[in-house]
Amino acid sequence: MTPSTMWIGPLCGLLFAPLLPGVINRVKAFFAGRRGQPILQAYHDLFKLVRKGVVYSETSGGVFRFAPYLTLSAVILALFLMPMSGMRAPLSFQGDFLLMVYLLGIARFAMVLAALDTGSSFEGMGASREVQFSALAEPCLLVGLLFLSAHSGRVGLSDILGRITAGSWQDMPAMLALLGSAWFILLLAENARIPVDDPNTHLELTMIHEVMILDTSGPDFGAMLYAAALKLWIFGALLLNLILPLGPPSPWVQIPFFVIGMLSIAVTVGVVESIMARLRLLMVPKLLIGATALVTTALIMKMAVR
Amino acid sequence: MTHILLGIAIILTGGMVALMLGRIPRLASIVAPASVLLGSIASAPPITRTLIDRSSPILTANWPLPLGRFSVGLDPLSAFFLIPILILAPLAALYGASYLNREHDRHRIGAHWLFFNLLVVGMHLLLIARDGIVFLIAWELMAVSSFFLVVFDDRKSDVRDAGWTYLVASHIGAAPLLLFFAFLGSRAGSFDFTGMATVTAALPSGSPIPSLLFIAALIGFGTKAGIIPLHVWLPEAHPAAPSHISAIMSGVMIKTGIYGLIRALMLLDSPSAAVAWTLIGLGIASGIAGVVLALAQHDIKRLLAYHSVENIGIILLGLGVGFLGLSRGNTVLAIAGLSGGLLHVLNHALFKSLLFFGAGAVAQATGLRAMNRLGGLLRRMPWTGFSFIAGAAAISALPPFNGFVSEFLIFFGTAAGSLRGSPSELTLGIAVLGGLGLIGGLAAACFTKCAGLVFLGEPRSSEARHARETSLLMRLPMLILAILCLAIGLGAPFAFRLVSPAVESLTGLNETALAATIEGLPAILGRISGISLALIALAVLLWSLRRRLPARHLESASPTWDCGYAAPTPRMQYTASSFATPLTLLFRSFLGTHIQGKPVEGDFPADASFASHTPDFGRRWIFEPLFRGIDRVLAPIRLLQHGRIHLYILYIAITLVGLLIWKVGMMP
């Protein structure tokens, strides 16, 4: 593989990530019997927001103004650490998965501080829930990566995920299924989807992500929306690398498969959102601790079969 | 060596002179900090030399004391632990000079500086001691001088109570250490460290003595370091002490407990896997319990004190991982774990002092430590605010700051050292990645709360509304520390070089021994620094692109969206307690938070109140019952003490007669 093709994966992410919310919305519209927004709606929104003016809260200061761009930068760099469609990530190095987790941590830290900078109770509430759920989600992600790292005998994200093949699924289907389901829960939780958060309503007192960016407007809001789409792409890619191991024949075959795979994940998310209700907030920690338990079970099984 | 002794002498003299200048506090506040700075500069050359060429000079002299000899020396481990002292002692002195310069403290300032300088001297001496007696003298010097520093504001009863708690705790801690050194010294026939190191090797295998000695050292040094459940003095002493004292105690002094523990493990046999697992278990327990207790606090300095417990947990975890690797011959575990643990000692010193300085600036500007009454301070105190936010990001282990580098080493060592996938390796992996991951997430929750509620939003009280930025002398140390936090994050390979001499001296392993298994750690850390730099560059680039968009001309301001509510007030903002409630509810069975107040009732509620308080579980479940028990057992002896002097004289007479009879009876 030539070094230049490594950049294709992340560039695909930058380009196609806004498709995912479009697909999810179309699936939800289909279930509700509506026509729904165009699939490219998110692109229209982004272009519109970039050209718009911006309203700042009188309470907010520099933190609120800078945070969207720090969030977006951190998520973009995390994207460049994520291997896609069987190709190595361009910035990969040993131990990079830890940096990726903490880059997403910076994105969250900036977003939470921006929310608190408005002094709004709603945003404070969203921020408080965001930090609670992400603290519980972190062990699930890290222990899952440890499992794959022990399976592959490597510590780089590209190596870890590259070692998963169709053969691995034959060898340990149960463990990988446990990990896959836990990470699907994680994808829903980290990206503010049902059953953890409802992206459709942002003024209900029950909401998390949407309420945190309630006062963000114009290009700043665009940056936040784009960062959210990229984050969904990152978690989707993580899951897809696990459940659809694409060997290394040729990048030009893998990439279309990969993008189709990402879109099918979006369809699945849409289906889940259509047929499930949001959980009560008190139940969410149980869901996340449950996901961590699934991953740990996989790891214990690995100890046993060794 | 003479350089360091000269440095100590300068600092000691400075303290004495400051005491004599007590009537002119302004002058005392110049002399003492200047002497600390000068002394630190004087001590720097030999420390740098030891870190570069790994030399271990030693200096021994006889003294008139009946026990031990005056033996001091330097080795890479001591040199590494001296770095934070050399950086922080002058900065804390500089900050303190401005922090204390208030009228109503003037008569105490001279004595304060004497004890401050004695504390610095004690820490220096402790780290270079090569003899058990010198070590214990330095230990006691440190404990007593810091007690006087804690009770600076001794007109307040809670400060006096905190001081007593601290004094009692440090002496409970000193007792096992006395046993530890007395046993080793009597077996070896000398209190010299090299002599003591041979004792356990001579014991028959299977002897319980090394384990008992380890437990004594763990209790003694663990009390100073603040390991759960011996941490009870931290949340009392730190809020009570002046902020530069909290900074130096939390940033540097508690690390002497870690240093002592490592030194004690080196004096005993090479650490076994059981010792390592004990450290790992205590590390995770301290980490999680510390951060959860911190989340439940309303007082900003108390919150920071509990975070010291958390960070000591992370340090122990790193050391445990390293010692486990050492006992198993697993090079990656040993080197990455120990480097991570030791580097976290330095990192924690930097960001925790920064945070305490920030908290002190806030307390001085507003007179408040209760987070629920602060808010909106970033506008009023931008230097303090941005430094504090940098410190908050650093302690939450976020790149590009230093906290990430040390936690990364611990994480990475564990992951890279568990690749063979044996059950014990995977157990370690679950414990460290799951535990440290949870600690990291909770720390981020706690510091978004702390930084966000204090510095962002609207002020929640008139004190906060009228706050002013602090003096230049107090801003400068914060700025320097924030820059150092960033510098270690962006120069991670260099920071690794700083810690590797100490790691080599502990493990006997060179970093190049890793080359066979993984690409060099400095190279990996270089990638982290590179990507951190890229993050800053990208954010600035995006921000400057944003400045070119049409939004530049189309900016308007309006009140925060309040869902149409007509009369919002700052009191309606989310508070620190409400922010932390989801997490404290999750851990409520552990925290045991008391909630008092009158709930809102009826359609037009007249008055309602709410107050919550989280007691310290170590104090409540371990120490209070223990002391009550001791009290009950010893209560009958009180009969002897009734305040009548003639009876006391009778006791003396009886004792003397008894001794006389005994002596006569013993004669042949």
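The coordinates are above.
Residues numbered from 1 in each chain as written. Chains lettered and ligands numbered in written order. Predicted model: local features only at pLDDT ≥ 70, side-chain atom pairs only at ≥ 80, totals over all residues. Heavy atoms only, no water.

K.L.:
What's the story with the overall build of chain B in this structure? I'm lost.
P.N.:
A tally of helices and strands in chain B yields 26 helices and five strands. What you see for chain B is a C-alpha radius of gyration of 26 Å, in line with the 26 Å of a compact globule of 668 residues. Viewed in the frame of its principal axes, chain B has a C-alpha envelope of about 105 × 75 × 55 Å. For chain B, buried positions account for 57% of its 668 residues. By sequence separation, contacts in chain B at least 24 residues apart represent 79% of the contacts at least 6 residues apart. For chain B, the computed accessible surface area is about 26,100 Å², with 67% contributed by carbon and sulfur atoms. (Helix = DSSP H or I, 4+ residues; strand = E, 2+ residues; numbered from the N terminus. Rg over C-alpha atoms; globule rule 2.2 N^0.38 Å. Buried < 20%, exposed > 50% of the residue type's maximum accessible area, 1.4 Å probe, protein only. Contact = heavy atoms within 4.5 Å. Areas by Shrake-Rupley, 256 points an atom, 1.4 Å probe, with all protein chains shown as cover.)

K.L.:
Help me understand the overall build of chain A, please; the structure alone is not making it clear to me.
P.N.:
Check the secondary structure of chain A and you find 14 helices and one strand. For a compact globule of 306 residues, the expected C-alpha radius of gyration is about 19 Å, and chain A comes in at 19 Å, within 12% of that figure. Along the first, second and third principal axes, the C-alpha atoms of chain A reach 60 × 45 × 40 Å. Taken over 306 residues, chain A has a buried fraction of 64%. Nonlocal contacts in chain A, meaning residues at least 24 apart in sequence, comprise 79% of its contacts between residues at least 6 apart. If you sum the accessible surface of chain A, you get close to 10,600 Å²; carbon and sulfur atoms cover 67% of it. Positive and negative side-chain charges of chain A, numbering 20 and 17 respectively, have mean locations separated by a distance of 7 Å. (Lys, Arg positive; Asp, Glu negative; His and termini not counted. Charge placed at Lys NZ, Arg CZ, Asp CG, Glu CD.)

K.L.:
Where do I start with the packing of aromatic side chains in this structure?
P.N.:
Two numbers describe a pair of aromatic rings. These are the distance of the centres and the angle of the planes. All told, the structure shown has 31 aromatic pairs over all chains when counted by the stated rule. Considering the side-chain rings of Tyr 69 of chain A and Trp 543 of chain B, the 5.9 Å spacing of their centres and the 55 degrees angle between planes classify their relative orientation as tilted. With one member in each of two chains, Tyr 69 of chain A in helix α5 (residues 62-79) and Trp 543 of chain B in helix α22 (residues 521-546) form a pair that bridges those chains. Judged by its relative accessible area of 22%, Trp 543 of chain B falls in the partly exposed class. Judged by centre distance (6.1 Å) and plane angle (90 degrees), the rings of Phe 80 of chain B and Phe 81 of chain B are edge-to-face. Given a relative accessible area of 3%, Phe 81 of chain B falls into the buried group. A network of ring pairs unites the aromatic residues Phe 135, Trp 139, Phe 180, Phe 181, Phe 193 and Phe 221 of chain B as a single cluster. The ring of Tyr 56 of chain A has Arg 65 of chain A sitting right over it, with the charged end atom 3.9 Å from the ring centre. Between Lys 224 of chain B and the ring centre of Trp 139 of chain B, over which it is positioned, the NZ or CZ distance is 5.3 Å. (Phe/Tyr/Trp six-rings, centres within 6.5 Å; stacked < 30°, edge-to-face > 60°. Lys NZ or Arg CZ within 6 Å of the ring centre and 35° of its normal.)

K.L.:
Got a minute to help me understand helix α16 (residues 382-395) of chain B in this structure?
P.N.:
Residue pairs spaced three or four apart in an α-helix point in one direction, given the helix's 3.6 residues per turn. Residues and elements named next belong to chain B. Along its 14 residues, α16 runs 20 Å from first to last C-alpha, staying within 8% of the 20 Å computed at 1.5 Å per residue. Taking burial as the measure, the 14 residues of α16 include eleven buried ones, the bulk of the element. For α16, the complete set of buried residues consists of Thr 384, Gly 385, Ser 387, Phe 388, Ile 389, Ala 390, Gly 391, Ala 392, Ala 393, Ala 394 and Ile 395. Ala 397 occupies a position one or two residues after α16 and carries a positive phi of about 60 degrees. (Expected span 1.5 Å × (residues − 1).)

K.L.:
Honestly, the interface of chain A and chain B in this entry has me stumped. Any pointers?
P.N.:
Where interface size is given, it is often the accessible area lost as the parts come together that is meant. If you look at the interface, chain A gives 74 residues, while chain B gives 77 residues. In this assembly, chain A packs against chain B so that about 6,600 Å² is buried in total across both faces, 75% of it on carbon and sulfur atoms. Of all residues in chain A, Gln 94, Tyr 102 and Phe 109 of chain A give up the largest surface area on contact with chain B, accounting jointly for 11% of the area buried on that side. Here chain A is connected to chain B by one salt bridge. Put simply, chain A and chain B have 19 residue pairs in polar contact (both at pLDDT 80 or more) between them. When contributions to the side of chain A that touches chain B are tallied by element, the ones reaching two or more residues are α4 (41-51), β1 (54-57), α5, α6 (96-117), α7 (121-152), α12 (218-243) and α14 (284-305) of chain A. Ranked by residues supplied to the side of chain A that touches chain B, first place goes to α7 of chain A with 18 residues. (Buried area = accessible area lost by both parts, 1.4 Å probe. Salt bridge = Lys/Arg side-chain N within 4 Å of Asp/Glu carboxyl O. Polar contact = N/O pair within 3.5 Å; in protein donor to acceptor, adjacent residues only side chain to side chain.)

K.L.:
When you look at a nonpolar patch on the surface in this model, what are you seeing that I'm missing?
P.N.:
Residues and elements named next belong to chain B. On the surface, Val 168, Ile 172, Leu 626, Phe 627, Ile 630, Val 633, Leu 634, Ile 637 and Leu 640 cluster together into a nonpolar patch covering about 780 Å² of accessible area. Breaking the nonpolar patch down by element, the ones donating at least two residues are α6 (157-188) and α25 (617-634). The greatest single-element share of the nonpolar patch, amounting to five residues, is contributed by α25. Looking at the element boundaries, Ile 172 is found in helix α6. (Patch = residues over 30% accessible without salt bridge, like charges linked within 9 Å, V, L, I, M, F, W, Y side chains within 5 Å.)

K.L.:
Please explain unusual backbone geometry as it appears in this structure.
P.N.:
The phi angle of most residues is negative, glycine excepted, and most peptide bonds adopt the trans form. Omega for the peptide link from Ile 194 of chain A to Pro 195 of chain A comes to 15 degrees, which places this bond in the cis form. Along the chain, Pro 195 of chain A falls in the loop between α10 (173-190) and α11 (209-212). Pro 400 of chain B follows Pro 399 of chain B through a cis peptide bond whose omega is 5 degrees. Of note, Pro 400 of chain B is situated in the loop between α16 and α17 (402-417). Of note, the phi angle at Ala 192 of chain A is positive, near 55 degrees, even though the residue is not glycine. Looking at the element boundaries, Ala 192 of chain A is found in the loop between α10 and α11. Exposure remark for Ala 192 of chain A: the relative accessible area of 11% places this residue in the buried category. Even without being glycine, Arg 54 of chain B reaches a positive phi, approximately 55 degrees. Among the secondary structure elements, Arg 54 of chain B is positioned in the loop between α2 (25-53) and β1 (58-61). Classification of Arg 54 of chain B by relative accessible area gives partly exposed; the value is 35%.

K.L.:
Just checking my understanding: could you explain the environment of Thr 560 of chain B for this structure?
P.N.:
Along the chain, Thr 560 of chain B turns up in the loop between β3 (555-558) and α23 (576-586). For Thr 560 of chain B, a relative accessible area of 13% translates into the label buried. In the structure, Thr 560 of chain B is positioned 493 residues away from Leu 67 of chain B in sequence and 70 Å away in space, judged by C-alpha atoms. Once residues lying within four places of it in the same chain are set aside, the contact partners of Thr 560 of chain B are Ser 57, Thr 59, Thr 118, Ser 120, Glu 123 and Asp 215 of chain A. A polar contact of 2.6 Å, which involves the side chain of Thr 560 of chain B, links it to the side chain of Ser 57 of chain A. Of the polar contacts made by the side chain of Thr 560 of chain B, one reaches the backbone oxygen of Thr 118 of chain A; its length is 2.8 Å.

K.L.:
What's the story with the packing of helix α14 (residues 331-366) of chain B against α17 of chain B in this structure? I'm lost.
P.N.:
Any two packed helices are characterised by the angle at which their axes cross and by the distance between the axes. All names here are of chain B. Put simply, α14 and α17 touch, their axes get as near as 8 Å, and they point 165 degrees apart. In this view, α14 runs roughly antiparallel relative to α17, as classed from their interaxial angle. As α14 packs across α17, the resulting crossing turns out to be left-handed. For the pair α14 and α17, contact is made by Val 332, Leu 333, Ala 336, Gly 337, Ser 339, Gly 340, Gly 341, Leu 343, His 344, Asn 347, Leu 350 and Phe 351 and by Asn 402, Gly 403, Val 405, Ser 406, Glu 407, Leu 409, Ile 410, Gly 413, Thr 414, Ala 416 and Gly 417, respectively. Classifying every residue of the contact of α14 with α17 by side-chain character gives ten nonpolar, twelve polar and one charged. (Axes fitted to C-alpha atoms, helices over the stretch in contact; angles between N-to-C directions. Parallel < 35°, antiparallel > 145°, perpendicular 65-115°, else oblique. Left-handed = near helix turned anticlockwise from the far one by under 90°. Nonpolar A, V, L, I, M, F, W, Y, C, P; charged D, E, K, R; others polar.)

K.L.:
Please explain helix α26 (residues 645-666) of chain B as it appears in this structure.
P.N.:
Counted at 1.5 Å a residue, the expected span for α26 of chain B with its 22 residues is 32 Å, and the 32 Å between its end C-alpha atoms agrees. With respect to burial, α26 of chain B is a largely exposed element, only zero of its 22 residues being buried.

K.L.:
It is not clear to me how the environment of Ile 47 of chain B should be interpreted in this structure. Could you clarify?
P.N.:
Residue and element names in this part refer to chain B. One can find Ile 47 in helix α2. Looking at Ile 47, the relative accessible area reads 3%, which means it is buried. Separated by 34 residues in sequence, Ile 47 and Phe 81 place their C-alpha atoms 10.0 Å apart. Those residues in contact with Ile 47 that lie beyond four places of it in its chain are Ile 4, Leu 74, Ala 79, Leu 82 and Leu 86.

K.L.:
Any chance you could explain the side chain of Ser 500 of chain B here in plain terms?
P.N.:
Counting through the fold element by element, Ser 500 of chain B comes out in helix α21 (residues 492-507). Engagement of the side chain of Ser 500 of chain B in a polar contact is seen with the backbone oxygen of Arg 497 of chain B, the distance being 3.2 Å.

K.L.:
How should I be thinking about the pattern of salt bridges in this particular structure?
P.N.:
If charged atoms from side chains of opposite charge come close, those side chains can pair. Going through the model one piece at a time under the given rule, you end up with 20 salt bridges over all chains. We note a salt bridge from Arg 263 of chain B to Asp 75 of chain B, for which the minimum N-O separation is 3.1 Å. Placement of the pair is Arg 263 of chain B in helix α11 (residues 243-267) and Asp 75 of chain B in the loop between β2 (70-73) and α3 (76-99), with a sequence separation of 188 residues. You can call Arg 263 of chain B buried: its relative accessible area is 10%. Between Arg 619 of chain B and Glu 236 of chain B there is a salt bridge, with its nearest N and O atoms 3.9 Å apart. One end of the pair, Arg 619 of chain B, is in helix α25; the other, Glu 236 of chain B, is in helix α10 (residues 234-240), with 383 residues separating them in the sequence. Members of the salt-bridge network, linked through shared partners, are Arg 108, Glu 130, Glu 138, Glu 190 and Lys 231 of chain A.

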